[in-house]
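Report on the structure
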Amino acid sequence: MRGHYPTIVRLFLAVLVALAVVCPAQATQIRHLQVSVTAARTRAVIEVSGPVTYRLFQLAHPGRVVLDFSDASIGHALATPRNRGLIKDVRMGRHGKHGMRVVLDLAALAHPKSFLLKPSDGHGYRLVVDLYPAGHAAPRTLNERQAATRMAELLHGARKIVVAVDAGHGGVDPGATGPDGTHEKTITLEVAKDLAKLIDAQPGMTAVLTRKGDYYVGLKQRRLIARRHNADLFISIHADAYRSTDARGSSVWVLSTHGRVSEAARWLADTQNRSGLIGGVTLDDKSDQLASVLLDLQQRYAIHASSLIADNVLHDLAKIGPTHRDHIERANFVVLRSPDIPSILVETAFITNPVGERKLQRPAYREKLAKAILAGVKQYFGTTPPPGTWFALQAQRRRGELAVTGSRHHGTRHYKVGRGDTLSGIAQRYGVTIGAIKSANDMTDNMVQAGAVLVIPAS
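Residues numbered from 1 in each chain as written. Predicted model: local features only at pLDDT ≥ 70, side-chain atom pairs only at ≥ 80, totals over all residues. Heavy atoms only, no water.

1. Remarks on the overall build of the protein
Heads up, the condition is: Runs of H or I in DSSP of at least four residues are treated as helices and runs of E of at least two as strands, each being numbered from the N terminus. Per-residue accessibility, obtained with a 1.4 Å probe over protein chains only, is compared with the maximum for each type, and a residue is labelled buried under 20%, exposed over 50%, and partly exposed between these values. We call two residues contacting when some pair of their heavy atoms lies within 4.5 Å.
Helix and strand content of the protein: 12 helices and 19 strands. When each of the 459 residues of the protein is scored for burial, the buried share is 49%. In the protein, the share of contacts with a sequence separation of at least 24, taken over all contacts with a separation of at least 6, comes to 70%.

Written out as structure tokens, the structure reads:
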């Protein structure tokens, strides 16, 4: 999930590789492919004759999702759906000596998630690929399609970071009430809207509000909204209450260790949870032991990321006023329990403090709060960008620019990736190995993106 993977995520990936399903001796047959479309996503279901080893990656210009199957064949002539949701066309062909390649040509910018389902309810093994639209709405008109194309060119195929912004309380649940009668639910919604507006104005970021008006949303439902939109971060906005009117200052919270352990037990025990995705991986086809390991690794990553983001946000909040504590705090709040989405809760101020209430009533102060929260978030994603995002692309460009200025006398060269370029082709052109290029550019796979600047090491 990150450009420079934290140690815990590297371990997570290593476990996946070590415990990957071994390819069966007999070639797996690809038997059927169907596409369904909902408002939230486009789903391709590929029926196969048994467990299958595959690799999924994305390419840009034109946009497409590629599935490479090891030791596989097509059982018979398959119908290939066209112009269904985010899928413009489907192409299949041989890949290597024993493999198959399936290419999903995209109609608009999208990002995929995939998982393999074991036989159930009369169905055999099924590989499911869900495509989620950037901005969460497939372009419907010509002008919208043109706008999506321009955005894809601007971002070079990179997806936006999704931030779920949660306005605490709402509707029949007013939250805390200040001395002047100001309800917490009113303040949190205004701050959330300000924050969402600022996020949407940032290149490479988009916001999702868990509520847009004065109505009640259940605590678990707030997390589910974030999951449906594939959020990279969940921020819950509140305005604290305390029995003493002297309490003051902002605070930032993350999930406690006790909350992590209890939530893990709930996920592993709940069949519906296990059939969902944790960090892009389904636990449904995993043994209890492996599921427990994967969930624990993902939770540890999420809490580690949450703590880093919370530290950044608290630091920036301290610039506009006092904080209640000089460190982040931990609690078992329900809204913080997503096992694979970094989540923080921001107490903007004590609404029960008359001074705090008056500050929160002022639009200018609420905007300052939103800007401080955003600054902390941007600081994190700027240094730890999720792969495939605009922030990752910018980090890659910065590395290239730094290398240009610092390597002039060390025999290295630089190459701007063009459309249709492959890593093997670039390596052959410069007479170096693929591994050398990957090492010089901190690459974890063989994908190259048009517009990126690669450091070419000396041969």
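2. With respect to the environment of Gly-63
Among the secondary structure elements, Gly-63 is positioned in the loop between strand 3 (54–59) and strand 4 (64–69). Accessibility expressed as a relative area gives 26% for Gly-63, which makes it partly exposed. Counting along the chain gives 44 residues from Gly-63 to Ala-107, while the straight-line C-alpha distance between them is 7.7 Å. Other than its neighbours up to four places away in sequence, Gly-63 contacts Leu-104, Asp-105 and Leu-106.

3. Focus on the sheet that holds strand 7 (residues 99–106)
Definition in use: Any two strands are treated as partners once DSSP identifies two or more bridges connecting them. Axis lines are fitted through C-alpha atoms, for helices just across the contact stretch, and the angle between N-to-C directions can take any value from 0 to 180 degrees.
With antiparallel pairing, 4 strands are arranged side by side in an open sheet as 3-4-7-6. At either end of the open sheet lies a strand with only one pairing partner, and these are strand 3 and strand 6 (87–95). Averaged over neighbouring strand pairs, the angle between their axes works out to 15 degrees when direction is ignored.

4. Re the pairing of strand 1 (residues 28–37)
As paired strands, strand 1 and strand 5 (residues 72–74) are joined by 3 bridges and run parallel to one another. By the bridge assignment, Ile-30 is partnered in strand 5 with Ile-74. Here strand 1 pairs with strand 2 (residues 42–48) via 7 bridges, running antiparallel. Its bridge partner being in strand 2, His-32 is matched across the sheet by Glu-47. Here strand 1 folds back onto strand 2, and the loop between the two strands holds 4 residues.

5. A look at the packing of aromatic side chains
Any aromatic ring pair is given by two values, namely how distant the centres are and how the planes are angled relative to each other. Just so we agree on the cut-off: Between the rings of Phe, Tyr and Trp (Trp by its six-membered ring), a pair exists once the centres lie within 6.5 Å; its type follows the angle of the planes, with under 30 degrees stacked, over 60 edge-to-face, and the other angles tilted.
Scanning all chains against the criterion turns up 5 aromatic pairs. Seen in terms of ring centroids, Trp-390 and Phe-391 are 5.3 Å apart; in terms of plane orientation they differ by 85 degrees. Their pairing is edge-to-face. With respect to burial, Trp-390 and Phe-391 carry one shared label: buried. The rings of Tyr-380, Phe-381, Trp-390 and Phe-391 are connected pair by pair, giving a single aromatic cluster.

6. Topic: the sheet that holds strand 2
Strands sit in the order 5-1-2-9-8 across an open sheet of 5 strands; the sheet is mixed. Pairing within the sheet leaves two strands with one partner each, and these edge strands are strand 5 and strand 8 (110–117). On average, each strand axis in the sheet is tilted by 30 degrees relative to the strand beside it, whichever way the strands run. For strand 2 and strand 9 (residues 125–133), the ladder comprises 7 bridges, and the chain directions are antiparallel. Across the sheet, Arg-43 pairs through a bridge with Asp-130, a residue of strand 9.

7. Side note on helix 4 (residues 219–228)
Quick note on the threshold: What the arc covers is the set of directions going from the helix axis to the C-beta atoms.
When helix 4 is considered as a whole, its buried residues turn out to be Arg-222, Arg-223, Ile-225 and Ala-226. In an axial view of helix 4, the angular spread of the buried residues amounts to 150 degrees, which keeps them on one side of the axis. Positive backbone phi, approximately 55 degrees, marks Asn-230, located one or two places after helix 4.

8. Considering the confidence of the model for the protein
This is how the line gets drawn: Values of pLDDT, the confidence the predictor places in each residue, fall between 0 and 100.
Of the residues in the protein, 74% reach a pLDDT of 70 or more, and the chain-wide mean stands at 77. Note that residues 136–149 has pLDDT below 50 and, in this model, 13 contacts with residues that lie over four places away or in other chains. Confidence drops under a pLDDT of 50 for residues 401–410, and excluding neighbours within four residues, the segment shows 5 contacts in the predicted structure.

9. A word on empty space enclosed by the protein
For the record, the criterion: Both site types are read off a 1 Å grid over the protein atoms alone. A 1.4 Å probe that fits but cannot get out defines a cavity, while an open set with protein on both sides within 12 Å along at least five of seven lines defines a pocket; lining residues have an atom within 4 Å of a point. Grid points are joined across faces, edges and corners, and a volume is the space filled by probe spheres set on the points. Asp, Glu, Lys and Arg are counted as charged, while Ala, Val, Leu, Ile, Met, Phe, Trp, Tyr, Cys and Pro are counted as nonpolar; the rest, among them Gly, fall into the polar class.
Summed over all chains, the structure comprises 2 cavities of 30 Å³ or more. As a volume, the largest cavity reaches approximately 70 Å³. Taken together, 13 residues form the lining of the largest cavity, with Leu-255, Ala-302, Ile-303, Leu-336 and Ser-338 sitting closest to its centre. At the level of elements, strand 13 (251–255) and helix 7 (288–317) are the ones that each hand at least two residues to the lining of the largest cavity. Grouping the amino acids of the lining of the largest cavity by side-chain chemistry returns 8 nonpolar, 4 polar and 1 charged.

10. What about unusual backbone geometry?
Note: most peptide bonds trans; most residues except glycine with negative phi. Even without a glycine there, the phi angle at His-169 is positive, about 65 degrees. Assignment of secondary structure puts His-169 in the loop between strand 10 (161–167) and helix 3 (184–200). Phi is positive for Asn-230, which is not a glycine, with a value near 55 degrees. Position of Asn-230 relative to the elements: it lies in the loop between helix 4 and strand 12 (233–240). For Asn-230, a relative accessible area of 9% corresponds to the buried category.

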